[in-house]
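Chain by chain, the residues:
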Amino acid sequence: MTDSHTHLVEPQLNDEIPTFLKNFKDIGGTSLLNVGYDHETNLQALKIASEFHYFEGITIKTAIGIHPESFNPNNMNSRRITSFDSMRKLLIEYEKILERNSNSVSAIGETGLDYFRILDDPELSLEQKQTTIQMQKESFRRHVELALKYEKPLTIHTREQTGGNKCIEDTLEILCQSGKGVVRGSLHSYTGDHQYVERILSLGFKIGFNGIITYKNADNVREILAKVPIEEILLETDAPYLPPQQIRSNKKAQFNHGQPSDVLYIAEAIAQTKGIPFDEVVEVTTENYNLTF
Ligand SMILES: [Zn+2]
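Sequence order as written defines residue numbering, which begins from 1 separately in each chain. Restriction of local features to residues with pLDDT of at least 70 applies here, the model being predicted, together with a cutoff of 80 or more for giving and counting side-chain atom pairs; totals for whole chains, interfaces and linings are based on all residues. Hydrogen atoms and water are omitted, and side-chain values are computed over all heavy atoms in the structure.

Peer 1: Looking at this structure, how should I read a negative patch on the surface?
Peer 2: For patch building, the residue pool is restricted to those with more than 30% relative accessible area and no salt bridge; the joining distance is 9 Å between like charges and 5 Å between nonpolar side chains (Val, Leu, Ile, Met, Phe, Trp, Tyr). The method behind every accessible area is Shrake-Rupley, applied with a 1.4 Å probe, and residues are considered shielded solely by the protein chains displayed. For this analysis, a salt bridge means a side-chain nitrogen from Lys or Arg found within 4 Å of a carboxyl oxygen belonging to Asp or Glu. We count Lys and Arg on the positive side and Asp and Glu on the negative side, and we leave His and both chain ends out. To locate a charge, take NZ of a lysine, CZ of an arginine, CG of an aspartate or CD of a glutamate. Side chains of Glu-231, Asp-279, Glu-280, Glu-283 and Glu-287 sit close together on the surface and give a patch of like negative charge. Only runs of H or I of at least four residues qualify as helices and only runs of E of at least two qualify as strands under DSSP, and these elements are numbered from the N terminus. Structurally, the position occupied by Glu-280 is in helix H11 (residues 278-292).

Peer 1: Sorry, what's going on with the coordination of the zinc ion here?
Peer 2: Put simply, the ideal angle at a metal is 109.5 degrees for four donors in tetrahedral geometry and 90 or 180 degrees for six donors in octahedral geometry. At 2.2 to 2.4 Å from the zinc ion lie its protein donor atoms, namely His-5 (NE2), His-7 (NE2), Glu-110 (OE) and Asp-238 (OD). Note on donors: an N, O or S atom is included if it sits within 2.8 Å of the metal, or within 3.2 Å for Na, K and Ca, and water is never included, so sites can look incomplete. Tetrahedral means four donors with every angle between 85 and 135 degrees, whereas square planar (four donors) and octahedral (six donors) require angles over 155 degrees between opposite donors and between 65 and 115 for all others; sites fitting neither are termed irregular. Metal-centred angles of 80 to 171° between the four donor atoms at the zinc ion mark the site as irregular. Going along the chain, you hit the donors of the zinc ion in the pattern H-x1-H-x102-E-x127-D. Placement of His-7 in the loop between strand E1 (2-6) and helix H1 (17-26) and of Asp-238 in the loop between strand E9 (233-235) and helix H9 (245-248) is noted, with a sequence separation of 231 residues between them.

Peer 1: Could you clarify how one ought to interpret unusual backbone geometry in this entry?
Peer 2: The linkage connecting Gly-109 with the following residue, Glu-110, adopts the cis geometry, with an omega of 25°. Residue placement: Glu-110 occurs in strand E5 (residues 107-114). With an omega of 5°, the peptide bond running from Ala-239 to Pro-240 counts as cis. The residue Pro-240 is located in the loop between E9 and H9 in this model. The residue Ser-189 is not glycine, and still its phi comes out positive at about 55°. Examined against the element boundaries, Ser-189 turns out to sit in the loop between strand E7 (185-188) and helix H7 (197-202).

Peer 1: How should I be thinking about the packing of aromatic side chains in this particular structure?
Peer 2: One pair of aromatic rings is described through two measures. These are the centre distance and the angle between the planes. Each pair of aromatic rings taken from Phe, Tyr and Trp, with Trp reduced to its six-membered ring, is defined by centres within 6.5 Å and is described as stacked if the planes are under 30 degrees apart, edge-to-face if over 60, and tilted in the remaining cases. Under the counting rule described, the total for this entry stands at two aromatic pairs. Arranged with centres 5.4 Å apart and planes meeting at 85°, the rings of Phe-52 and Phe-55 form a pair that is edge-to-face. Here Phe-52 falls in the buried class, since its relative accessible area comes to 13%. Looking at Arg-159, its charged tip hangs above the ring of Phe-116, at a distance of 3.8 Å from the centre. We call a charge positioned over a ring when the NZ of a Lys or the CZ of an Arg lies within 6 Å of the ring centre and within 35 degrees of the ring normal. Geometry around Tyr-215 places Arg-248 over its ring, the cationic atom sitting 3.6 Å from the centre. Burial classification: accessible surface area is computed with a 1.4 Å probe over protein chains only, and a residue below 20% of its type maximum counts as buried, one above 50% as exposed, and the rest as partly exposed.

Peer 1: Is there a simple way to explain the pairing of E5 in this structure?
Peer 2: Along any regular strand the residues' side chains alternate between the sheet's two faces. For E5, the tally of buried residues reaches eight of eight residues, placing the bulk of the element in the interior. When DSSP finds two or more bridges between two strands, those strands count as paired. With two bridges joining them, strand E4 (residues 58-64) and E5 adopt parallel strand pairing. Bridging from a neighbouring strand, Ala-63 pairs with Ala-107 of E5. Looking at chain direction, E5 and strand E6 (residues 154-159) are connected through five bridges and run parallel. Residue pairing for E6: Ile-108 is matched across the bridge by Leu-154.

See below:
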């Protein structure tokens, strides 16, 4: 089994990594993509890869990128990026790290666009919203260009404003323009309108499903899942976020947050929703992961 999008880079998880990898191995895990999302976590992802490169028989692949939330004026992170100047400096710094480590980086990301946290935030002025979206777009374009330049796949975050479709529209437009129809990868945790599934797949992107498909109120995501053929699906956890319902509601669980071994629950939920054998879900999604990353 594989986890195509996970964040072992979170500082509070540092001591848990050996346990997580062991648990992952116990459920039949073979490979995971550990995803950084800002300067600090990108460095941490590279550090983890060199420390745990092949631990317990598990391959740890690395993705580095700058998350669109980095440009949110309300982001609580240590380094807030609220001007075009500081964004461009950050991207230049990012590119240098990518260049130096291109052999140990398997994917570009987490990158993408997040309109939910910006356009639905009543505390941001119209001007702040517009500036932030422009910064997200410029950063995302740069990531797509770098994916093309370094021949790496992308792992993309796309989160829609409530009731809108602009985020996925803009994501696809940037992928077409800057990716020149060549760049591939995963659209991780897609929760938008299912009408866009065909366009996403026709661009050569696979769709990553995580613990959300086990949540009661996630009929819209199960609707997307039903539409995506198993050959286009990646298992992911987005750990430590989005633990499956079984973990969220289990008060005795060792960890209340997500971890890579949760792909077991996700594979089970996919098998159930799509009415296909569990073993087939595991086999095909592993092949999809190996083809993508
Ligand atoms: Zn993520």
